[in-house]
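Chain residues, written in single-letter form:
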Amino acid sequence: MPMLERALNDLRNPKTKTAYLQILATFTGADGSMGFTTGQRYELIVRYIRSRGTFEARTKDGRLYCPYQSAGAFAKNWSASAIQKGA
């Protein structure tokens, strides 16, 4: 399993103390999807929302947002160059 998916799945695990991930990633999805530009690099804050069972990705500045149903769906649209766990 790729590093990005493994890190995202750790967010889902209630035993981990990781509340969010800071990810430096390049958007590889469809240009303009949810306001993101294909090929553009973004600083993201990703959280797992247990009540909805979704991952929420927001740009660090809070301007862009996109929900994902699974770690795999997120990984299809992003290429991570750095991942840092947040408390």
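What counts and what doesn't
- Along every chain, residues carry numbers that run from 1 in the direction the sequence is written.
- Residues qualify for local features only when their pLDDT is at least 70, as the model is predicted, and side-chain atom pairs are given and counted only at 80 or more; totals for whole chains, interfaces and linings, by contrast, use all residues.
- Side-chain measures here rest on the full set of heavy atoms in the structure, leaving out hydrogens and waters.
- Throughout, nonpolar core names a set of buried Ala, Val, Leu, Ile, Met, Phe, Trp, Tyr and Cys residues whose side chains join them through atoms within 4.5 Å.
- Burial classification: accessible surface area is computed with a 1.4 Å probe over protein chains only, and a residue below 20% of its type maximum counts as buried, one above 50% as exposed, and the rest as partly exposed.
- In this description a helix means any DSSP run of H or I spanning at least four residues, a strand means any run of E spanning at least two, and both kinds are numbered starting from the N terminus.
- Only heavy atoms matter for contacts: two residues are in contact if any of them lie within 4.5 Å across the pair.
- Identification of polar contacts relies on pairs of N or O atoms within 3.5 Å, with a donor-acceptor requirement for protein atoms, meaning one able to donate a hydrogen and the other able to accept it, and with residues adjacent in sequence counted only if both atoms are side-chain atoms.
- Relevant arc is that of directions from the helix axis to the C-beta atoms, nothing else.
- Strands were regarded as paired on the criterion that DSSP finds at least two bridges between them.
- Orientation is described by axes fitted as lines to C-alpha atoms, over the contacting stretch for helices, and by angles from 0 to 180 degrees between their N-to-C directions.
- The pairing test for Phe, Tyr and Trp rings, Trp by its six-membered ring, is centres within 6.5 Å, and the orientation test on the planes gives stacked under 30 degrees, edge-to-face over 60, and tilted for anything in between.

### Quick look at the nonpolar core
Among the nonpolar cores identified, the biggest contains 21 residues, and Leu8, Leu44, Val46, Phe74 and Trp78 are the most heavily contacted of them. For this core, the secondary-structure elements that each account for two or more residues are helix H1 (3-12), strand S1 (20-27), strand S2 (41-49), strand S3 (54-59), strand S4 (65-68) and helix H2 (71-77). Residues in contact with Leu44, not counting those within four places in the same chain, are Leu21, Gln22, Ile23, Ala25, Phe36, Arg58, Thr59, Lys60, Phe74 and Trp78.

### A closer look at the side chain of Thr59
Relative to the helices and strands, Thr59 resides in strand S3. Since its relative accessible area comes to 9%, Thr59 is described here as buried. Within the structure, the side chain of Thr59 is placed 2.7 Å from the side chain of Asp61, a separation counted as a polar contact. Aside from chain neighbours lying at most four places away, what touches Thr59 is Phe36, Tyr42, Glu43, Leu44 and Leu64.

### Looking at H1
For H1, the complete set of buried residues consists of Leu4, Ala7, Leu8 and Leu11. One side of H1 holds all its buried residues, which, seen down the axis, span an arc of 95 degrees. Where H1 is buried, its residues touch S1, S2, S3, H2 and strand S5 (78-86).

### Looking at the sheet that holds S3
In spatial order, the strands read S4-S3-S2-S1-S5; together these 5 strands make up an open sheet with antiparallel pairing. Strand pairing shows two members of the sheet lacking a second neighbour, S4 and S5, which therefore form its edges. Each strand axis lies, on average, 25 degrees off the axis of its neighbour in the sheet, ignoring direction. In terms of strand pairing, S1 meets S5 through 8 bridges, oriented antiparallel.

### A few points about the packing of aromatic side chains
The geometry of two aromatic rings is summed up by the distance between their centres and the angle between their planes. Considering all chains together, one arrives at 8 aromatic pairs under this definition. Centroid distance Phe74 to Trp78: 5.9 Å. Interplanar angle 20 degrees. Geometry classified as stacked. Look at Trp78 and you get buried, because its relative accessible area is 3%. Every member of this aromatic cluster is reached through a ring pair, and the members are Phe27, Phe36, Tyr42, Tyr68, Phe74 and Trp78.

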